[in-house]
Protein chains: 2
Amino acid sequence: MIKAQLLKGFQDVYGNDAELKELICNQIISELKLFGYSPLETPVLEYAEVLMGNIGEDEKLIYNFKDHGERHVAMKYDHTVSLARFVANNHMEIGLPFKRYQLGPSFRADKPQRGRTRQFTQLDLDILGTDEILAEVEILNLIVKCYKKLGFKNIKIQINDRKLVDSIIENLKISESNQKDVFICLDKTDKIGLKAACELMVERGISKEITDKLFEIFNIQGSNKEVLNHLKEFNTTTLSSIIDYADKLGFEENLNINFGVVRGLDYYTGLVFEVVDEQIKIGSFGGGGRYENLCERFTHEKISGIGYSFGIERLMIAMQDLKLDSQMQENKVLIVALDPNYRSNAFALNNKLSKEKIISEIALKDSKLAKQIKYAEKKSCNYLILIGEDEVKNQTFTLKNLESQEQETLDFDGLIKNLKD
Amino acid sequence: MIKAQLLKGFQDVYGNDAELKELICNQIISELKLFGYSPLETPVLEYAEVLMGNIGEDEKLIYNFKDHGERHVAMKYDHTVSLARFVANNHMEIGLPFKRYQLGPSFRADKPQRGRTRQFTQLDLDILGTDEILAEVEILNLIVKCYKKLGFKNIKIQINDRKLVDSIIENLKISESNQKDVFICLDKTDKIGLKAACELMVERGISKEITDKLFEIFNIQGSNKEVLNHLKEFNTTTLSSIIDYADKLGFEENLNINFGVVRGLDYYTGLVFEVVDEQIKIGSFGGGGRYENLCERFTHEKISGIGYSFGIERLMIAMQDLKLDSQMQENKVLIVALDPNYRSNAFALNNKLSKEKIISEIALKDSKLAKQIKYAEKKSCNYLILIGEDEVKNQTFTLKNLESQEQETLDFDGLIKNLKD
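Everything numeric in this text was worked out from a predicted model, so none of it was measured. (Residues numbered from 1 in each chain as written. Chains lettered and ligands numbered in written order. Predicted model: local features only at pLDDT ≥ 70, side-chain atom pairs only at ≥ 80, totals over all residues. Heavy atoms only, no water.)

Next up on the list: the overall build of chain A. A tally of regular secondary structure across chain A gives 16 helices and 16 strands. Along the first, second and third principal axes, the C-alpha set of chain A runs to 90 × 55 × 45 Å. Looking at chain A residue by residue over its 421 residues, the buried ones come to 61%. Sequence-distant contacts in chain A: of pairs separated by 6 or more residues, those separated by 24 or more amount to 67%. Across chain A, 56 positive and 65 negative side-chain charges occur, with their mean positions spaced 4 Å apart. (Helix = DSSP H or I, 4+ residues; strand = E, 2+ residues; numbered from the N terminus. Buried < 20%, exposed > 50% of the residue type's maximum accessible area, 1.4 Å probe, protein only. Contact = heavy atoms within 4.5 Å. Lys, Arg positive; Asp, Glu negative; His and termini not counted. Charge placed at Lys NZ, Arg CZ, Asp CG, Glu CD.)

Here we come to the interface of chain A and chain B. Taken together, the contact pairs 104 residues of chain A with 104 residues of chain B. Note on chain A versus chain B: buried area summed over both sides is about 9200 Å², and carbon and sulfur give 57% of it. When the buried area of chain A at its contact with chain B is split by residue, A:Leu7, A:Leu34 and A:Leu364 rank highest and sum to 8% of it. The tally of links between chain A and chain B comes to 10 salt bridges. B:Lys21 is the partner of A:Glu41 in a salt bridge, and the nearest nitrogen-oxygen pair spans 2.7 Å. On inspection of chain A and its partner chain B, the count reaches 40 residue pairs in polar contact (both at pLDDT 80 or more). A total of 9 residues in the side of chain A that touches chain B trace back to one element, the largest contributor, which is helix 1 (residues 15–34) of chain A. (Buried area = accessible area lost by both parts, 1.4 Å probe. Salt bridge = Lys/Arg side-chain N within 4 Å of Asp/Glu carboxyl O. Polar contact = N/O pair within 3.5 Å; in protein donor to acceptor, adjacent residues only side chain to side chain.)

Position of B:Asn90 among the secondary structure elements: in helix 3 (residues 80–94). Within the structure, the side chain of B:Asn90 is placed 2.8 Å from the backbone oxygen of B:Phe86, a separation counted as a polar contact. When sequence neighbours within four positions are dropped, the list of residues in contact with B:Asn90 reads A:Asp12 and A:Tyr14.

Residues and elements named next belong to chain B. Counted residue by residue, strand 6 (residues 119–128) has 10 buried out of 10 residues, so it is predominantly covered. The alternating pattern of strand 6 places Gln119, Thr121, Leu123, Leu125 and Ile127 and Phe120, Gln122, Asp124, Asp126 and Leu128 on opposite faces, both of which are buried. Alignment of strand 5 (residues 98–107) against strand 6, held across 10 bridges, turns out to be antiparallel. Bridging across to strand 6, proline 105 finds its partner in threonine 121. Pairing geometry for strand 6 and strand 11 (residues 305–311), over 7 bridges, is antiparallel. Directly across from aspartate 124, in strand 11, lies its bridge partner serine 309. (Pairing = 2+ DSSP bridges.)

Moving on, we get to the sheet that holds strand 1 (residues 38–39) of chain A. Residue and element names in this part refer to chain A. Read from one edge to the other, the open sheet built from 8 strands follows the order 1-5-6-11-10-9-7-8, with strand pairing classed as mixed. Unpaired on one side and paired on the other, strand 1 and strand 8 (255–257) mark the two borders of the sheet. Across 3 bridges, strand 7 (residues 155–161) lies against strand 8 in parallel orientation. Of the residues in strand 8, the one forming a bridge with isoleucine 159 is isoleucine 257. Sitting on the sheet, helix 12 (residues 312–321) touches strand 6 (119–128) and strand 11 (305–311), and the angle it makes with strand 11 is about 50°. (Axes fitted to C-alpha atoms, helices over the stretch in contact; angles between N-to-C directions.)

Each pair of packed helices can be summarised by the angle the axes make with each other and by the distance between the axes. Residues and elements named next belong to chain B. Two elements in contact, helix 4 (residues 133–149) and helix 11 (residues 237–249), have axes whose closest approach is 10 Å; the angle formed by their N-to-C orientations is 50°. Accordingly, the angle class assigned to the pair helix 4 and helix 11 is oblique. You can see that helix 4 and helix 11 cross each other, and the crossing is right-handed. Seen from helix 4, the contacting residues are Ile133, Leu134, Glu136, Val137 and Leu140; seen from helix 11, they are Thr238, Ser241, Ile242, Tyr245 and Leu249. A per-class count over the contact of helix 4 with helix 11 returns 7 nonpolar, 2 polar and 1 charged. (Parallel < 35°, antiparallel > 145°, perpendicular 65-115°, else oblique. Left-handed = near helix turned anticlockwise from the far one by under 90°. Nonpolar A, V, L, I, M, F, W, Y, C, P; charged D, E, K, R; others polar.)

Think of a pair of aromatic rings as described by two things: how far the centres are apart, and how the planes are tilted against each other in angle. The full count for this structure, using the stated rule, is 29 aromatic pairs over all chains. Here A:Phe152 and A:Phe285 contribute two aromatic rings whose centre-to-centre distance is 5.4 Å and whose plane-to-plane angle is 35°, an arrangement assigned as tilted. One end of the pair, A:Phe152, is in the loop between helix 4 (133–149) and strand 7; the other, A:Phe285, is in the loop between strand 9 (271–277) and strand 10 (286–291), with 133 residues separating them in the sequence. The buried category is assigned to A:Phe152, whose relative accessible area is 4%. Taking relative accessible area as the criterion, A:Phe285 reaches 1% and is therefore assigned buried. On the numbers, 6.0 Å between centres and 75° between planes, the contact of A:Phe347 with B:Tyr245 is edge-to-face. Placement of the pair is A:Phe347 in helix 13 (residues 343–355) and B:Tyr245 in helix 11, with the two residues belonging to separate chains. Look at B:Tyr245 and you get buried, because its relative accessible area is 10%. Through a chain of ring-to-ring contacts, three or more aromatic side chains come together here, namely A:Tyr147, A:Phe152, A:Phe273, A:Phe285, A:Tyr308 and A:Phe310. The lysine or arginine in question, B:Lys352, covers the ring of B:Phe412, its NZ or CZ lying 4.4 Å from the ring centre. (Phe/Tyr/Trp six-rings, centres within 6.5 Å; stacked < 30°, edge-to-face > 60°. Lys NZ or Arg CZ within 6 Å of the ring centre and 35° of its normal.)

A separate point is the sheet that holds strand 4 (residues 72–75) of chain B. All names here are of chain B. Read across the sheet, 3 strands follow the order 2-4-3 without closing on themselves; strand pairing throughout is antiparallel. The strands lining the two open edges of the sheet, one partner per strand, are strand 2 (45–47) and strand 3 (64–66). Across this sheet, the average inter-strand angle for adjacent strands is 35°, counted without regard to direction. Bridge count between strand 2 and strand 4: 3 bridges; the pairing is antiparallel.

Let us look at unusual backbone geometry. Along the chain, A:Leu96 connects to A:Pro97 via a cis peptide bond; the corresponding omega equals -5°. Despite not being glycine, A:Lys323 shows a phi value in the positive range, around 55°. Relative to the elements of secondary structure, A:Lys323 occurs in the loop between helix 12 and strand 12 (332–337). The phi dihedral of B:Gln405 falls on the positive side, at around 65°, and the residue is not glycine. Among the structural elements, B:Gln405 can be located in the loop between strand 15 (397–401) and strand 16 (407–410). A residue is classified by how much of its surface remains accessible, and B:Gln405, at 44% relative accessible area, is partly exposed.

Residues and elements named next belong to chain A. Most of strand 9 is tucked away, with 7 of its 7 residues classed as buried. Residues Leu271, Phe273, Val275 and Asp277 line one face of strand 9 and the alternating positions Val272, Glu274 and Val276 line the opposite face, and both faces are buried. For strand 7 and strand 9, the ladder comprises 7 bridges, and the chain directions are antiparallel. Of the residues in strand 9, the one forming a bridge with isoleucine 159 is phenylalanine 273.

Here you go:
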């Protein structure tokens, strides 16, 4: 006999978790559709050279192997690199700007922890083929709408602009060899604080004089507008424009300029952002940014992109922690034929209830009523419908409420009325 | 620069194809939910020993490799084997009978052809933990409903019972070493005819005397009831019972007893079936059956299962061939700000239309109207909304119908009324 075990870092999703996951994805997708996004599905497996060489040091986490034809293939690490490959290949046919969403699994051979599995689900939205700030605004606006729709009340998008940080680095004349260190240390700000991050920079060879200036520049408390005002000698064009639009469109309060947001991925070049909920402490549950050059790996055409990735597993945890997962409750009914002769009647009722959009199932095993009730409870059914001799003769149904234990005999219309209430 | 190429046998799904795919899956899933099925997601990657050793000669098609921890892992070939592993592992917690659906990709390193790719999408429904015939009836009933919902009018489920064929083999005293040959040759009946299939059996060492009898037994034309009557000396319990129920529930006309249906997979032991549409010739677009012993690989518990797998790619082709894919047409609107100053107004309208469940997007690039119209047509938008100085001043919107070229200026309510018609 073979041990029925899962690989470490992989999981089965079932029961309430699976229902919640489906609900989240459906809610987000229906919103994205309303804003003109259409679905795209790129394969799980691609040539390794397509997927590798884009994302920096995390590359070692990519599953890759030789296939049956000795091709070096890899499993997708995220949806973005395949998207760039797709758009580079098809931009004439699909037309630019191109807006799409993609839902599906990604794979990283990372150390598993809560909310981080080796196979995980990303729901991405991206716009390619325009570098207008409108794209940034549209994506941020839409993200806020999606989280609000799911019931989140304290969503903050932590935003930063790599170009702004670049302009500061340039202004301070930080040597090229040290520029990446600035980002690496800033990335740790949220965990260790700005002061310690600046000390880390010194350890990496940036002068105390410069890190003191960086501390002064980044050490600002205040509203987004105050922060931008404090930095007005640097390149704040993008962030200012975003804050202005957000103000007019009513979601400025959901944005928070935060220089600690860097996003590890090598391909981001402009706006970068992460979403958090201030009420819970599981870290960000999604991130994104502007990538101007990713498509250049595959085409001479200049195609800039911006996107966001909903991390679905983190989102599930957040919704469970915040008790936002109660929207799923619907009436469910177990139909029990009290005698094998009435099974066709049970089936017929099952079919009729489905036409009324009422969730029902028939008892598939002949067993005592007590056992059927136990099964019904396991399946979170809240009603039982009994079909016996009297019911068939009188064309009625006996409806038992499993919470109140009340029971009444009804005709079909009465039954529907009760179940729809 | 890296060549933006796909692996052979893999594809990007986008545009109308992707929309159709999503529609099909949503329609089927919403139906399955109404019958008490709940979602399950098992991983793409599993221990190779879990996925391999179940399916017979097709095993060589399974993608498998050593992962970062030198574990021998494999990518799923179908959803059924993982399901058996899952149920064996969790049957106490989930309760039996267990009914679930699973939507996701499967992988086979097979020779690509129309409707058969190396990554393909299966939408499965299964019932585990009961061997009552009710499960067979429920699944067949539900399949017919799903295809009808998608618009199919000539669905036939070709059904066969391996136990019936077993009882015939036993009756004819065919030697054990030849029993598999009977199935292998019957499998070819649909392509080459029963006569040639029987000749193949002779080639494989079954006596002419026996194959003549087999020919006589299987060479029946007639209704399902006539076929069963002709075979009444053999074990027709399952098929008779199914035909009786189907008769009462009104889908007997969608069933067709066909001994040529064998299903290659090793794990089927009872009812096997395939779905075809008589109007089109792309072969079956889904198959399933009863598997009594698959769970035994993982548990001492006796857990019988039955299931069906919708092959989504084949279904897409069938719907396109039959022109059933027109249900997808919805109004789509492109909102154009005639001056950058009115972009916030365009965004605001975009948000308001989404609340009315009207699909709209804003023009993300500043360009001449003619170019915007071209973009709108590419995205299958049928309306343009123009926002200029007059519109903003008067709080109106100019709506241009891209088919009729008619244009009118409306207030918000008038706009909504027009777009919802």
